[in-house]
Amino acid sequence: MQGLKRIDRYILGKYLKTFLLALALIIIIVITFDVSEKLDKFLEHHATLWQIISIYYLNFIPGFVNLYSPLFIFISVIFFTSKMAGNSEIIAILSSGVRYKRMLRPFLYGATIVAFAVLVLGNFIIPISNRTLIEFEEQYVKSKATNFYSNFHLQAERGVQVYAESFDVKQARAYKFRREEISPDGCLTKRETAEMIEYDSATGFWRCTDYTERTIDSNRNEVLRFDGHPLVDFHVSPNDLNFLSQRVETMNTPQLIRHIHREEMRGTGTVKTAKIELWQRMLNPLAIIVMTLIGVAIAARKSRGGTGVHLAIGISIAFSFIVFMKVTTVFATNGDLSPFLAVLLPQIIFGIAAVWLIYKAPK
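Let us look at the layout of surface pockets. If you roll a probe as big as a water molecule over the atoms, it shows you where there is empty space left. Here the largest pocket defines a volume of roughly 960 Å³. What lines the largest pocket is a set of 33 residues, among which Gly63, Asn66, Leu67, Gln280 and Lys326 lie closest to the centre. For the lining of the largest pocket, the elements supplying multiple residues, two or more each, are α2 (49-86), α5 (105-140), α8 (271-283), α9 (285-299) and α10 (307-334).

Right, let's get into the nonpolar core. Grouped together as the largest cluster of nonpolar side chains are 60 residues, with contacts concentrated most on Tyr15, Phe42, Tyr100, Met103, Ile288 and Ile294. Put simply, the parts of the chain that give this core at least two residues each are α1 (2-44), α2, α3 (89-95), α4 (100-103), α5, α9, α10 and α11 (339-360). Sequence-distant contacts of isoleucine 294, that is, excluding residues within four places in its chain, are made with Phe74, Ile317, Phe350, Ala354 and Leu357. Core analysis: the next-biggest nonpolar cluster, separate from the first, contains 18 residues, Phe152, Leu154, Val162 and Val232 among them.

Turning to the pattern of salt bridges, a few remarks are in order. Here the structure, examined in full by the defined rule, presents ten salt bridges. One salt bridge connects aspartate 34 with lysine 38, and the closest N-O pair in it is separated by 2.7 Å. Of this pair, aspartate 34 and lysine 38 both sit in helix α1, separated by four residues, roughly a single helical turn. Neither aspartate 34 nor lysine 38 differs from the other in exposure class; each is buried. The salt bridge involving glutamate 192 is made with arginine 179; its shortest N-O contact spans 2.9 Å. With glutamate 192 in strand β4 (residues 188-200) and arginine 179 in strand β3 (residues 173-182), this pair connects stretches of sequence that are 13 residues apart. In this pair, the class of glutamate 192 matches that of arginine 179, namely buried.

Right, let's get into empty space enclosed by the protein. Counted by the stated rule, this structure contains one cavity of 30 Å³ or more. For the largest cavity, the calculated volume is near 40 Å³. The wall of the largest cavity is formed by Gln280, Asn284, Met325, Thr328, Thr329, Ala342, Val343 and Pro346. Breaking the lining of the largest cavity down by element, the ones donating at least two residues are α10 and α11. Split into classes, the residues belonging to the lining of the largest cavity amount to four nonpolar, four polar and no charged.

Nonpolar side chains collect at one region of the surface, where Phe116, Val120, Phe124 and Ile125 lie side by side and expose about 370 Å² of accessible area between them. The topology assignment puts isoleucine 125 in helix α5.

Looking at the element boundaries, isoleucine 352 is found in helix α11. Along the sequence, isoleucine 352 and isoleucine 294 sit 58 residues apart, while their C-alpha atoms lie 9.9 Å from each other.

Further remarks concern α11. Taking 1.5 Å per residue as the helical rise, α11 with its 22 residues ought to reach 32 Å, and the 33 Å between its terminal C-alpha atoms agrees with that figure. At leucine 345, α11 shows its strongest bend, of approximately 30°, with the proline proline 346 following within four residues. Where α11 is concerned, the buried positions are Pro339, Ala342, Val343, Leu344, Pro346, Gln347, Phe350, Gly351, Ala354, Leu357 and Ile358.

Tracing the chain through its elements places aspartate 185 in the loop between β3 and β4. Remark: the alpha-carbon pair of aspartate 185 and glutamate 198, spanning 13 residues in sequence, is separated by 32 Å. A polar contact of 3.4 Å, which involves the side chain of aspartate 185, links it to the backbone nitrogen of cysteine 187.

Conventions and cut-offs
- Residues numbered from 1 in each chain as written.
- Predicted model: local features only at pLDDT ≥ 70, side-chain atom pairs only at ≥ 80, totals over all residues.
- Heavy atoms only, no water.
- 1 Å grid on protein atoms, 1.4 Å probe; cavity = no way out; pocket = protein on both sides within 12 Å on 5 of 7 lines; lining within 4 Å.
- Points joined across faces, edges and corners; volume = space filled by probe spheres on them.
- Helix = DSSP H or I, 4+ residues; strand = E, 2+ residues; numbered from the N terminus.
- Core = buried A, V, L, I, M, F, W, Y, C linked by side-chain atoms within 4.5 Å.
- Buried < 20%, exposed > 50% of the residue type's maximum accessible area, 1.4 Å probe, protein only.
- Contact = heavy atoms within 4.5 Å.
- Salt bridge = Lys/Arg side-chain N within 4 Å of Asp/Glu carboxyl O.
- Nonpolar A, V, L, I, M, F, W, Y, C, P; charged D, E, K, R; others polar.
- Patch = residues over 30% accessible without salt bridge, like charges linked within 9 Å, V, L, I, M, F, W, Y side chains within 5 Å.
- Areas by Shrake-Rupley, 256 points an atom, 1.4 Å probe, with all protein chains shown as cover.
- Expected span 1.5 Å × (residues − 1).
- Bend = angle between axes of the 7 residues up to and from the residue.
- Polar contact = N/O pair within 3.5 Å; in protein donor to acceptor, adjacent residues only side chain to side chain.

As structure tokens, this is what we get:
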């Protein structure tokens, strides 16, 4: 029993150390290339070194780790397991009476630890990092900060369309505003227009300039014009008009779930994208366990080509998995494939492949 615990600690230590080392090296390389690409923009917009490190790259790293951790886990498992096989350590462990399934346990421990960390990152930490990252890019990387949106429209709720020529995010002010209510048979029943609307946070209503309300039905066509600056409830909040606040990658999971419920009620076309984001956060950590099992099954075999052959096979499988995930996501976004199935299907297929490889692995 003591020997098994020592083997568990040995394999688990190699698993986590190799993964963290590979991750650190890749992050350094990626940041180096990213700095060389964006350095002119940083200097042009007078971003300080402290801002670049503490705001931009500190928030860049969690998203990068979350996105590519299955790939790095796979390569790490292939690398150190192949080394163990080359040094006959796998043979020694199995020859000592340890069953193959029992040897897999520390690999699964490591995969579970990393998968849980990725789950927490994806659901709660990365949305905050993404918002900070986008705000930094808009201020210091892009030509100008996006605090002013032009010519946009949205479906505020089912049968209600909202248009504006422009919206000032900081002032919570929209210009050339128009709100239209459409009946189920496609007829316009009400139109509200204003030269300018400004959000009144005290009342939750909008203060309007040159506000006009037109009501249309089979019996009448009534137009009302209001002088002064009346307060009107358009059932729209400033966040509804702020595209940044509507970006699903900046919402934590509870906010994302509320957003999905609201968009389903409104009948907008953004529900699929939000659902794909939600299921990716919930199910993608499973890819770490699947990739770990496939990596062990491939690399535990002693090969004449050594680590190089194992890495070549492993990288091919990993990229096939990533491409398959992208393909199913496209089918869900533009077709009839369920977002849940689009995210789960690659896990199921490669999970079956992992079980088959483990079953066929030399014991």
